[in-house]
Every structure is written in C-alpha cells, then in structure tokens.
Amino acid sequence: MAASATLHCLTGCAIGEVLGMVIGTALGWGNVATIVLAVALAFVFGYALTMRGVLRAGVGFKQALKVALAADTVSILVMEIIDNGVMLVVPGAMEAGLASWLFWGALAFALLVAFLLTTPVNKWLIGRGSGHAVVHAYHH
C-alpha cells in the first residue's frame with residue numbers, strides 16, 4: 001500500500017517537477033526560482049490527482065481539498081526535498097540545458113531516489129492511519 005501511495009504521489013510530483021524544471025530552465029531562471037516553481041507545481045499536480053479521485057466519489061470540492069491536503073502534504077514535501085536536493089548535488093544538472101542527457105538523467109535519478117526514500121515515510125503514515133490512508137475511504 002505504501003509503494004502504491006508513493007507511486008501516486010510521485011506521479012503528481014513528477015508532472016509538476018518536470019514542468020517546473022523545463023519552464024525554469026527554458027527561461028534561463030536561476031536554481032532557486034526554478035526549484036520554487038517546480039515545487040509549487042508538484043504540490044498543485046499532486047493535490048489535483050488526489051482530488052480527482054475524491055471528487056469522483058461524490059465529495060464536494062472543499063472536502064476533497066481537505067482530504068488531499070491531509071493525504072499528500074507530508075509525502076509531497078518529503079519527495080520534493082529529496083528530489084530537489086539530489087538535483088542540486090549532481091554537478092551541473094541544474095545548469096545543463098533541456099537537450100542535455102545530464103539534465104534528464106539527473107532528474108530521473110532524483111525522482112527514483114525520492115520514490116525509494118519516501119516509501120517508508122508513507123508506510124509509517126499509513127500505519128498511523130494518516131497520509132494516504134485517509135483517501136482510501138473514498139475509493140470504491
């Protein structure tokens with residue numbers, strides 16, 4: 001269950017992260033601005049994916065947002081810290097252009113490391129009845 005929850009989180013994070021990195025890199029933004037955009041978009045897409053399923057279960061928007069915030073905030077936060085930390089420590093990854101294998105390889109590696117290190121966090125959260133466990137009441 002934890003791996004599934006982390007994969008769900010990774011999907012939203014990856015969409016936002018890749019989009020943010022591509023936009024920031026294409027516009028020639030510095031590391032800080034690019035990371036801020038990527039993190040913001042990761043949260044938006046992560047929450048949106050969770051809300052989509054909850055809204056389909058007939059829950060109102062406000063309640064679906066509360067569920068998404070409760071389910072995903074810690075997971076996305078941990079994933080983003082790890083992911084962006086890896087990108088920052090890979091020499092030249094943030095400065096490499098969009099056509100560079102270094103950029104895409106580092107980003108793929110960062111997402112993999114984030115998945116591996118966030119899975120135990122999600123397992124712990126689910127075991128406590130929090131995190132992604134709150135979403136399961138809305139899955140049919």
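An unreviewed UniProt entry lists the protein chain under the name DUF4396 domain-containing protein, from Amycolatopsis coloradensis.

Let's talk about the packing of aromatic side chains
Between two aromatic rings, the relevant description is the distance of the centres plus the angle of the planes. For the structure on display, the rule yields 2 aromatic pairs. Summarising the aromatic geometry, the rings of Phe 43 and Tyr 47 are spaced 5.7 Å apart at their centres and angled 55 degrees between planes, so their arrangement reads as tilted. Of this pair, Phe 43 and Tyr 47 both sit in helix H2 (residues 31–56), 4 residues apart, which is roughly one turn of that helix. With a relative accessible area of 17%, Phe 43 lands in the buried category. With a relative accessible area of 14%, Tyr 47 lands in the buried category. Centre to centre, the rings of Phe 103 and Trp 104 are 4.9 Å apart; their planes meet at 90 degrees, and the pair counts as edge-to-face. Note on Phe 103: relative accessible area 0%, which makes it buried. Since its relative accessible area comes to 33%, Trp 104 is described here as partly exposed.

Here we look at the packing of helix H1 (residues 2–26) against helix H3 (residues 61–89)
At a closest axis distance of 10 Å, the pairing of H1 and H3 adopts a crossing angle of 45 degrees. When the interaxial angle is binned, H1 and H3 end up oblique. H1 and H3 meet at a crossing whose hand is right-handed. For the pair H1 and H3, contact is made by Thr 6, Cys 9, Leu 10, Cys 13, Glu 17 and Met 21 and by Ser 75, Ile 76, Met 79, Glu 80, Asp 83, Asn 84 and Met 87, respectively. A per-class count over the contact of H1 with H3 returns 7 nonpolar, 3 polar and 3 charged.

Some details on helix H4 (residues 101–127)
The end-to-end C-alpha distance of H4 is 39 Å, a good match for the 39 Å that 27 residues give at a rise of 1.5 Å each. The largest bend along H4 measures about 30 degrees and falls at Thr 118, with the proline Pro 120 one to four residues further on. Where H4 begins, the capping side chain belongs to Ser 100, and its oxygen is found 3.0 Å from the backbone nitrogen of Leu 102. Just downstream of H4, Gly 129 is the residue with a positive phi angle, here 80 degrees.

So, how was this worked out
Residues numbered from 1 in each chain as written. Predicted model: local features only at pLDDT ≥ 70, side-chain atom pairs only at ≥ 80, totals over all residues. Heavy atoms only, no water. Phe/Tyr/Trp six-rings, centres within 6.5 Å; stacked < 30°, edge-to-face > 60°. Helix = DSSP H or I, 4+ residues; strand = E, 2+ residues; numbered from the N terminus. Buried < 20%, exposed > 50% of the residue type's maximum accessible area, 1.4 Å probe, protein only. Axes fitted to C-alpha atoms, helices over the stretch in contact; angles between N-to-C directions. Parallel < 35°, antiparallel > 145°, perpendicular 65-115°, else oblique. Left-handed = near helix turned anticlockwise from the far one by under 90°. Contact = heavy atoms within 4.5 Å. Nonpolar A, V, L, I, M, F, W, Y, C, P; charged D, E, K, R; others polar. Expected span 1.5 Å × (residues − 1). Bend = angle between axes of the 7 residues up to and from the residue. Polar contact = N/O pair within 3.5 Å; in protein donor to acceptor, adjacent residues only side chain to side chain.

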